[in-house]
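Analysis of the macromolecular model
As a plain string of letters, each chain reads:
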Amino acid sequence: MKRMRAARNGMLVFYYVFTSCAVAFRLRRDASVYNLLLAVAALALPAVPLLLYRVLRLRPVPLLEIVFDAFVLAAVPFASLFGGYDFIPCWDKILHFLSGFLFAALGMVVYFSRKPGHALDPADAFNAAAFSWMFAVWTAAVWEIWEYVVSFSGADPQQVALTGVGDTMQDIIVCTVGGLLTALACWRYLRHPGENRRKGLMMSLFEAYYRENIGPKA
């Protein structure tokens, strides 16, 4: 736990140094209200896990914080503020693909949080995997609806004027694929219990959260 906390602190230092540079870069070019809101969001987002811990009375999970910070760094400071979308044309699709992994892992958390007894049984492999995948697909749809609503504010994150439905469907598809891969990892994780089973990042993330906030307490 101490090593993970030290790693998260290091990640946080890197996050704020990079984000400060990205904010300065973007606002010097265009100090619009939209970019100001992006800057505020980028600086505030790392506090979200800490807020959720307090509101939901959860025990801290440093690995969750590290993964969250890394994803937010890639999505807001790098992509939106520093212009990563221009440097890497497919960056938007990469982010949606990765979001499928993350939201499917969150789906597993929801599934076992609501299951009576919270036990990780092999018999749950199919249901938990299917639920985690559908959870990722649901979040992809909700996000695209949000982007469409934002487009009426003058910003156009969904590129409605240029690509419209094509961009929306590509985002949903790649998120769905990412969610499916996490669902398959979930199925394999539950079907093959034991200390030597293959976990990967998403199942390690789920296991860390499960150990701290869902499973039996020592």
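Scanning the protein chain from N- to C-terminus turns up nine helices and zero strands. Shown N-terminal to C-terminal, the secondary structure of the protein chain runs as helices and strands in the order α-α-α-α-α-α-α-α-α. A globule of 218 residues ought to have a C-alpha radius of gyration of about 17 Å, and the protein chain, at 19 Å, matches this closely. With respect to the principal axes defined by its C-alpha atoms, the protein chain has extents near 55 × 40 × 30 Å.

Relative orientation of the contacting elements helix H4 (residues 62–81) and helix H9 (residues 200–213) amounts to 135°, with a least axis distance of 8 Å. Classed by the angle they form, the pair H4 and H9 counts as oblique. Contact residues: H4 offers Leu63, Leu64 and Val67, while H9 offers Leu201, Ser204, Leu205 and Tyr209. Counted by class, the contact of H4 with H9 contains six nonpolar, one polar and no charged residues.

On to the pattern of salt bridges, then. Side-chain pairs of opposite charge can arise where the charged atoms are in close proximity. The final tally for this structure, using the stated rule, is nine salt bridges. When the shortest N-O distance is used, the salt bridge between Arg5 and Glu65 registers 2.8 Å. On the criterion of sequence distance, the pair formed by Arg5 in helix H1 (residues 2–29) and Glu65 in helix H4 is long-range, its members being 60 residues apart. Since its relative accessible area comes to 26%, Arg5 is described here as partly exposed. Residue Arg59 is joined to Glu212 by a salt bridge in which the shortest nitrogen-to-oxygen separation is 3.2 Å. Here the residue Arg59 occupies a position in the loop between helix H3 (48–56) and H4, and Glu212 occupies one in helix H9, the gap between them amounting to 153 residues. Counted as one network, the salt bridges with shared partners bring together Arg5, Arg8, Glu65 and Asp69.

Compared with the 38 Å implied by 1.5 Å per residue over 26 residues, the 38 Å span of helix H7 (residues 125–150) between its first and last C-alpha is a close match. Taken residue by residue, H7 has Ala125, Ala128, Ala129, Ser132, Phe135, Ala136, Thr139, Ala140, Glu144, Glu147 and Val150 as its buried positions.

Turning our eyes to something else, we now look at the nonpolar core. Ranked by size, the top nonpolar core spans 26 residues in total, and within it Phe112, Cys186, Leu190, Met203 and Phe206 carry the most contacts. Counting only elements with at least two residues in this core, the list comes to H4, helix H6 (91–114), H7, helix H8 (165–191) and H9. No other element matches H9, which puts seven residues into this core. Once residues lying within four places of it in the same chain are set aside, the contact partners of Met203 are Met108, Thr182, Ala185, Cys186 and Tyr189. Counting 17 residues, the second-largest nonpolar core is a separate cluster that includes Ala42, Ala74, Val76 and Phe78.

Working note: α-helix, 3.6 residues per turn, so residues spaced by three or four point in the same direction. The first and last C-alpha atoms of helix H2 (residues 33–44) sit 16 Å apart over 12 residues, in line with the 16 Å expected at 1.5 Å per residue. Here the buried face of H2 lies against H1 and H4.

Attention shifts here to the packing of aromatic side chains. Evaluated as defined, the whole model comprises 15 aromatic pairs. Centroid distance Phe78 to Trp91: 5.3 Å. Interplanar angle 75°. Geometry classified as edge-to-face. Remark: Trp91 occurs in helix H6 and Phe78 occurs in helix H4; sequence separation between them is 13 residues. Classification of Trp91 by relative accessible area gives buried; the value is 17%. Look at Phe112 and Phe206: their rings are 5.6 Å apart centre to centre, the planes differ by 50°, and that puts the pair in the tilted class. Of the two residues, Phe112 is situated in helix H6 and Phe206 in helix H9; the sequence distance between them amounts to 94 residues. Given the relative accessible area of 1%, Phe206 is considered buried.

What counts as what
- Residues numbered from 1 in each chain as written.
- Predicted model: local features only at pLDDT ≥ 70, side-chain atom pairs only at ≥ 80, totals over all residues.
- Heavy atoms only, no water.
- Helix = DSSP H or I, 4+ residues; strand = E, 2+ residues; numbered from the N terminus.
- Rg over C-alpha atoms; globule rule 2.2 N^0.38 Å.
- Axes fitted to C-alpha atoms, helices over the stretch in contact; angles between N-to-C directions.
- Parallel < 35°, antiparallel > 145°, perpendicular 65-115°, else oblique.
- Contact = heavy atoms within 4.5 Å.
- Nonpolar A, V, L, I, M, F, W, Y, C, P; charged D, E, K, R; others polar.
- Salt bridge = Lys/Arg side-chain N within 4 Å of Asp/Glu carboxyl O.
- Buried < 20%, exposed > 50% of the residue type's maximum accessible area, 1.4 Å probe, protein only.
- Expected span 1.5 Å × (residues − 1).
- Core = buried A, V, L, I, M, F, W, Y, C linked by side-chain atoms within 4.5 Å.
- Phe/Tyr/Trp six-rings, centres within 6.5 Å; stacked < 30°, edge-to-face > 60°.

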